[in-house]
Amino acid sequence: MKKQNETPRGMTFRLKANLNCSSSLSGTESEIKVFVDACNTDLLKRGAPQGCGANILPQWQVSDENFEMEIDSDRFVRAHDALLRFNKEFSKVIGKHHIGIRGVELEDYKITLEWSDEDWFKNEQLAKLQKLPFVKSITQSKKEGGKMLLELDLDIDESALYKRIPDRLIRLLEDKRDAVRWKGKSEHWELLFESDKKPFHFDKDPTEEMLKRDWLRHAAGRGQYIYGPQITKIFRALEKILLDELCTPLGYNEMIFPKFVAWDVWKRSGHAKGIYPEAYYVCTPKTRDPEYWEDVMDYFKVTNEVPVDMIMGKIENVGGMCYAQCPPFWVFLQGKILPDEILPIMVYDRSGTSHRYESGGLHGIERLDEFHRVEILWMGTKQQVIDHAKLLQEQYRHIFNDILDIEWREAWVTPWFMAQEGKAGLAELKEAGTIDYEAVLPYSGKWLEFQNVSVNGDKYPTGFSVKLQSGEDLWSGCSGVGLERWAAVFLAQKGLDADKWPEKFRSIVGELPEVFRFL
Ligand code: ATP
Ligand code: ZN
Ligand code: MG
């Protein structure tokens, strides 16, 4: 599944650099000339096919403490990589004269990317691209079949090259192009399994009905509920079924994952690429000093209003609330090497809430801003992880058929970007990816995703630098079981009256407690 930096399209790079040295280079010109020639015949061609690679243009010059040059290249040895290679060896050459490189100025960096006619960016898209970090300008050439011309900001220093910023910019442009190309196309959806038709005993929205019966109440926050004793008992019964029928027999152990997620976790898990419109952000005070906060306290005491704007200036964002549950687990293994014989490992977490800003999509307990999930996580060799996903599928089928008796289906869902990467063949793609579990809601006729099973390949172990002793790739998978979604699906099909429920489920739930009455 790994997307390589390389792309089949043509690219050219031209970089102007000035190496500022610790003392005058005069007298070393002939030695430098020999070195530059060696670069052009060998150093800057290494790893590239015959006739490809980077070149230092002949008009390089030495003036006092400066060495100025222009590097021209193709995609095989990108000019910025060539510069890094050059610097390393150049330091050795001038080091013999007790001279070092003091600083590297990048004076000009132009990149052209071949682009096809069908992939034109609209004007407003091009306008937005001008604001990308490190970009001086991005234009598209009408003459040359839509070629993209990138000019990088002159302020980028050498450290930006070590961080591979030019490569990331190119990759980002390609991703944006792909997004345009796939826009409007829905994700790939393929039916894998469909249950028998089942008797429905209800045709209403279960949240509405539960509100009428005081089983739950909307809380003070958006998309947040307080669950009363009856629905809580149903949630716990669903959780017990999951643990007794799936986690325990398959050898799972419980862990407790953090529910505040620091940015470093989301940087490594990849969520930092796109989580922003859905995150619940977490902030800490800039200081604990009560004096610093006195004006806020006084404002509230006088107005009885919380001065949110004043608070914003006194806090600092440090991350967000749990979004996908498993990412913060991986810090437990970060940087470690595991012996192969302890695999596969299966753990789960049910220790807290998940939070997502669902905006206008909120709907009853089906789509919440605060919800409850059991996250199941397994890891092993590639084969172990794929085999375990099959076991999970079997156990889930047993739960939905034999205990909950619901009408449901399994579908292979592939986000467009993965579908594209896997163009070669769906069979190969199916090694990693996601199965969604969906059930029909009789009151609306719509299908609702109530859980998923994902094989994540080596994404997490790579992101968190976890390795196997044998050197084989470590793979992992996860499955998020939404308790509210399980309940929503079951109650929508079977109703709130226990006498209509399948016998097995009724006996697991037991009597529903009647605790509150309201006058
Ligand atoms: P959807 O397409 O419905 O938004 P998703 O693809 O965002 O779902 P995942 O990221 O796959 O959901 O999350 C895994 C599971 O977490 C879902 O199958 C569901 O059970 C639960 N879940 C996700 N978002 C919510 C929500 N807003 N309210 C309740 N449960 C949720
Ligand atoms: Zn997960
Ligand atoms: Mg969602």
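Residues numbered from 1 in each chain as written. Chains lettered and ligands numbered in written order. Predicted model: local features only at pLDDT ≥ 70, side-chain atom pairs only at ≥ 80, totals over all residues. Heavy atoms only, no water.

Student: Where do I start with the domain arrangement of the protein chain in this structure?
Tutor: Interfaces are frequently sized by the accessible area removed from exposure as the parts join. For the protein chain, the assigned domains are domain 1 (10-181) and domain 2 (187-261 + 323-509). The straight-line distance from the C-alpha centre of domain 1 to that of domain 2 is 47 Å. (Domains from an automatic or database assignment.)

Student: Explain the environment of Thr284 to me, please; I cannot follow it from the model alone.
Tutor: With respect to the helices and strands, the residue Thr284 is situated in strand β13 (residues 281-285). Through-space distance from the C-alpha of Thr284 to that of Phe329 is 22 Å; in sequence the pair is 45 residues apart. Sequence-distant contacts of Thr284, that is, excluding residues within four places in its chain, are made with Lys314, Ile315, Glu316 and Val318. (Helix = DSSP H or I, 4+ residues; strand = E, 2+ residues; numbered from the N terminus. Contact = heavy atoms within 4.5 Å.)

Student: Quick question: what am I supposed to make of the coordination of the zinc ion (ligand 2) here?
Tutor: Coordination angles at a metal have ideal targets, namely 109.5 degrees for four tetrahedral donors and 90 or 180 degrees for six octahedral donors. Looking at the zinc ion (ligand 2), the protein donor atoms are Cys326 (SG), Glu375 (OE) and Cys478 (SG), and they sit 1.9 to 2.4 Å from it. The sequence pattern describing where the donors of the zinc ion (ligand 2) fall on their chain is C-x48-E-x102-C. Here Glu375, found in strand β18 (residues 370-380), pairs with Cys478, found in strand β23 (residues 475-482); they are 103 residues apart in sequence, far enough to count as distant. There is no split in this pair, since Glu375 and Cys478 are both buried. (Donors = N, O, S within 2.8 Å, 3.2 Å for Na, K, Ca; no water. Buried < 20%, exposed > 50% of the residue type's maximum accessible area, 1.4 Å probe, protein only.)

Student: Please explain the site of ligand 1 as it appears in this structure.
Tutor: In the neighbourhood of ligand 1, 14 residues make up the surrounding shell, with Arg356, Glu358, Arg367, Leu368 and Glu449 lying closest. Interatomic distance of 3.3 Å between a backbone N/O atom of Gln451 and an oxygen atom of ligand 1. One of the backbone nitrogen or oxygen atoms of Gly482 is found 3.4 Å away from an oxygen atom of ligand 1. Calculation on ligand 1 without its partners gives an accessible area of 590 Å², and the protein chains cover 79% of this total. Per-element accounting of the shell around ligand 1 gives the leading share, four residues, to strand β21 (residues 446-455). Here the shell around ligand 1 is composed, by residue class, of three nonpolar, four polar and seven charged. (Near = heavy atom within 4 Å. Polar contact = N/O pair within 3.5 Å; in protein donor to acceptor, adjacent residues only side chain to side chain. Areas by Shrake-Rupley, 256 points an atom, 1.4 Å probe, with all protein chains shown as cover. Nonpolar A, V, L, I, M, F, W, Y, C, P; charged D, E, K, R; others polar.)

Student: Just to check I follow, could you spell out the layout of surface pockets for this structure?
Tutor: With a probe scaled to a water molecule rolled over the atoms, the places where space remains empty come into view. In this structure, the second largest pocket encloses a volume near 400 Å³. Residue lining of the second largest pocket: 13 residues in total, with Phe121, Gln125, Lys128, Lys176 and Val180 positioned closest to the centre. At the level of secondary structure, the elements contributing two or more residues to the lining of the second largest pocket comprise α3 (123-129) and α5 (165-182). Among the residues forming the lining of the second largest pocket, the class breakdown is six nonpolar, one polar and six charged. (1 Å grid on protein atoms, 1.4 Å probe; cavity = no way out; pocket = protein on both sides within 12 Å on 5 of 7 lines; lining within 4 Å. Points joined across faces, edges and corners; volume = space filled by probe spheres on them.)

Student: Sorry if this is basic, but what is going on with the sheet that holds strand β12 (residues 260-262) here?
Tutor: Strand pairing in a sheet relies on backbone hydrogen bonds, with the paired strands running either antiparallel or parallel. Spatially, the three strands line up as an open sheet ordered β12-β14-β13, and their pairing is antiparallel. Only two strands of the sheet have a single neighbouring strand rather than two, namely β12 and β13. Neighbouring strand axes in the sheet, compared pairwise and without regard to direction, differ in orientation by 50 degrees on average. Sheet analysis places β12 next to strand β14 (residues 315-321), joined by three bridges and oriented antiparallel. Within β14, the residue paired with Ala262 across the bridge is Gly319. (Pairing = 2+ DSSP bridges. Axes fitted to C-alpha atoms, helices over the stretch in contact; angles between N-to-C directions.)

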